[in-house]
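Chains, contacts and geometry: an overview
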Amino acid sequence: PFVTLEKLNEITEKFPTPFHLYDEKGIRENAKALKEAFAWNPGFREYFAVKATPNPFILKILQEEGCGVDCSSLTELMMSEKCGFSGSDIMFSSNVTPAEEYVKAKELGAFINLDDITHIDFQHNDRRSNRRKEEEQEEEDVENGSKRHLVKELRQDDKEQAWSPFRLDIEG
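My aim in this report is to walk through the structure given alongside it, one point at a time.

Conventions and cut-offs
- Every chain is numbered independently, its residues counted from 1 as its sequence is written.
- Restriction of local features to residues with pLDDT of at least 70 applies here, the model being predicted, together with a cutoff of 80 or more for giving and counting side-chain atom pairs; totals for whole chains, interfaces and linings are based on all residues.
- In computing side-chain properties, one takes all heavy atoms of the structure into account and sets aside hydrogens as well as water.
- Secondary structure elements are taken from DSSP: a helix is a run of H or I of four residues or more, a strand is a run of E of two residues or more, and numbering for both begins at the N terminus.
- A 1.4 Å probe rolled over the protein chains alone gives each residue an accessible area, and that area as a share of the maximum for its type sets the label: buried under 20%, exposed over 50%, partly exposed in between.
- Counted charges follow a simple rule, with Lys and Arg positive, Asp and Glu negative, and His plus the chain ends left uncounted.
- Counted as salt bridges are all cases of a side-chain nitrogen of Lys or Arg within 4 Å of a carboxyl oxygen of Asp or Glu.
- Here the term patch refers to residues with relative accessible area over 30% and no salt bridge, with like charges joined within 9 Å and nonpolar side chains (Val, Leu, Ile, Met, Phe, Trp, Tyr) within 5 Å.
- The Shrake-Rupley method, run with a 1.4 Å probe, gives the accessible areas here. Residue values count only the displayed protein chains as cover.
- Pairing between two strands is assigned when DSSP locates at least 2 bridges connecting them.
- The handedness rule is simple: strands pointing away from the viewer, and a clockwise path from the first strand over the helix to the second, make the crossover right-handed.
- In this analysis, axes come from line fits to C-alpha atoms, helices being fitted only over the stretch in contact, and the angle between any two N-to-C directions falls in the range 0 to 180 degrees.
- Should any heavy atoms of two residues lie within 4.5 Å, those residues are counted as being in contact.
- Reported orientations rely on four angle classes, namely roughly parallel under 35 degrees, roughly antiparallel over 145, roughly perpendicular from 65 to 115, and oblique for the rest.
- What makes a crossing left-handed is the near helix being turned counterclockwise from the far one by less than a right angle; a clockwise turn instead makes it right-handed.
- The set of buried Ala, Val, Leu, Ile, Met, Phe, Trp, Tyr and Cys residues whose side-chain atoms join them within 4.5 Å is what this entry labels a nonpolar core.

Turning our eyes to something else, we now look at the side chain of Glu-101. Among the secondary structure elements, Glu-101 is positioned in helix α5 (residues 99-108). For the buried residue Glu-101, which engages in no salt bridge, the nearest side chain bearing the opposite charge is Lys-51, 11 Å off.

Together, Phe-2, Leu-5, Leu-8, Phe-15, Phe-19 and Leu-21 make up an exposed nonpolar region whose accessible area comes to about 550 Å². With respect to the element layout, Phe-19 can be found in the loop between α1 (5-14) and α2 (24-37).

For the structure shown, the criterion picks out nine salt bridges. Members of the salt-bridge network, linked through shared partners, are Glu-24, Arg-28, Lys-32, Glu-64 and Glu-65.

With that out of the way, let us pick up unusual backbone geometry. For the bond from Thr-17 to Pro-18, the omega torsion is 0 degrees, close enough to zero to count as cis. Among the structural elements, Pro-18 can be located in the loop between α1 and α2. Phi is positive for Val-96, close to 45 degrees, though the residue is something other than glycine. Tracing the backbone shows Val-96 in the loop between β3 (90-93) and α5.

Let's shift gears to the pairing of strand β2 (residues 68-71). Looking at chain direction, strand β1 (residues 47-49) and β2 are connected through three bridges and run parallel. What sits directly across from Tyr-47, in β2, is Gly-68. You can see the chain leave β1, run along helix α3 (residues 56-64) and come back into β2, and the turn it takes is right-handed. Summarising the sheet, β2 and β3 pair through three bridges and their orientation is parallel. By the bridge assignment, Val-69 is partnered in β3 with Ile-90. The β-α-β motif built from β2, the intervening helix α4 (residues 74-82) and the parallel element β3 has right-handed crossover chirality.

Taken together, four strands build an open sheet; the order of strands is β1-β2-β3-β4 and the sheet is parallel. Each end of this open sheet is capped by a strand with a single partner; those strands are β1 and β4 (111-113). Neighbouring strand axes in the sheet, compared pairwise and without regard to direction, differ in orientation by 25 degrees on average. Contacts from α5 reach β3 and β4, with the element oriented near 165 degrees to β3.

The next subject is the packing of α2 against α3. Here α2 crosses α3 at 40 degrees, and the two axes come no closer than 10 Å. With respect to each other, α2 and α3 are oriented oblique. Crossing of α2 against α3: the hand is right-handed. Residue-level contacts link Glu-24, Ile-27, Arg-28 and Ala-31 of α2 to Ile-58, Ile-61, Leu-62 and Glu-64 of α3.

This part takes up the nonpolar core. Note on soluble globular proteins: their nonpolar side chains tend to be buried together. Ranked by size, the top nonpolar core spans 14 residues in total, and within it Val-69, Cys-71, Leu-77, Ile-90 and Phe-92 carry the most contacts. Secondary-structure elements contributing two or more residues to this core are β2, β3 and α5. The greatest single-element share of this core, amounting to three residues, is contributed by α5. Excluding residues within four positions of it along the chain, Leu-77 makes contact with Cys-71, Ile-90, Phe-92, Glu-101, Lys-104, Ala-105 and Leu-108. Membership of the second largest hydrophobic core comes to six residues, among which are Ile-27, Ile-58, Ile-61 and Cys-67.

Encoded structure:
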């Protein structure tokens with residue numbers, strides 16, 4: 001055990017119960033052991049499920065050991081952001097997900113796992129909606145004289161473009 005009965009008695013005299021007591025050394029050792037166990041896979045990275053222990057101090061320890069976070073809600077995304085996680089540090093895996101949560105995950109640059117094929121259309125339509133807003137703003141700027149020319153580029157298939165960052169190279 002990482003703590004003796006004597007030490008636990010001392011702690012409970014000082015701090016009211018209930019409380020959680022974590023073994024930082026053990027957490028670090030286990031994170032390192034997991035990383036070493038998968039060292040044969042150069043692309044491996046552990047993503048800790050925030051919902052398992054939504055504690056910023058634990059998340060920071062795991063971040064220091066090279067782990068990412070697996071978030072399943074807006075609250076978990078916000079907590080992870082406050083702890084300094086961003087981009088490929090975050091995996092967003094959620095069920096029956098409100099649009100605002102996808103928006104936040106996208107804003108953070110997280111990897112997004114979709115649990116339903118219809119979410120592909122949602123992501124696609126959200127991207128097209130944002131592009132339309134940008135084009136409308138450009139047109140408004142032109143009308144107000146702040147730009148001389150409105151340039152609209154021909155774009156490739158929207159779905160292809162929207163999902164290209166998530167494509168895996170399984171032949172290499």
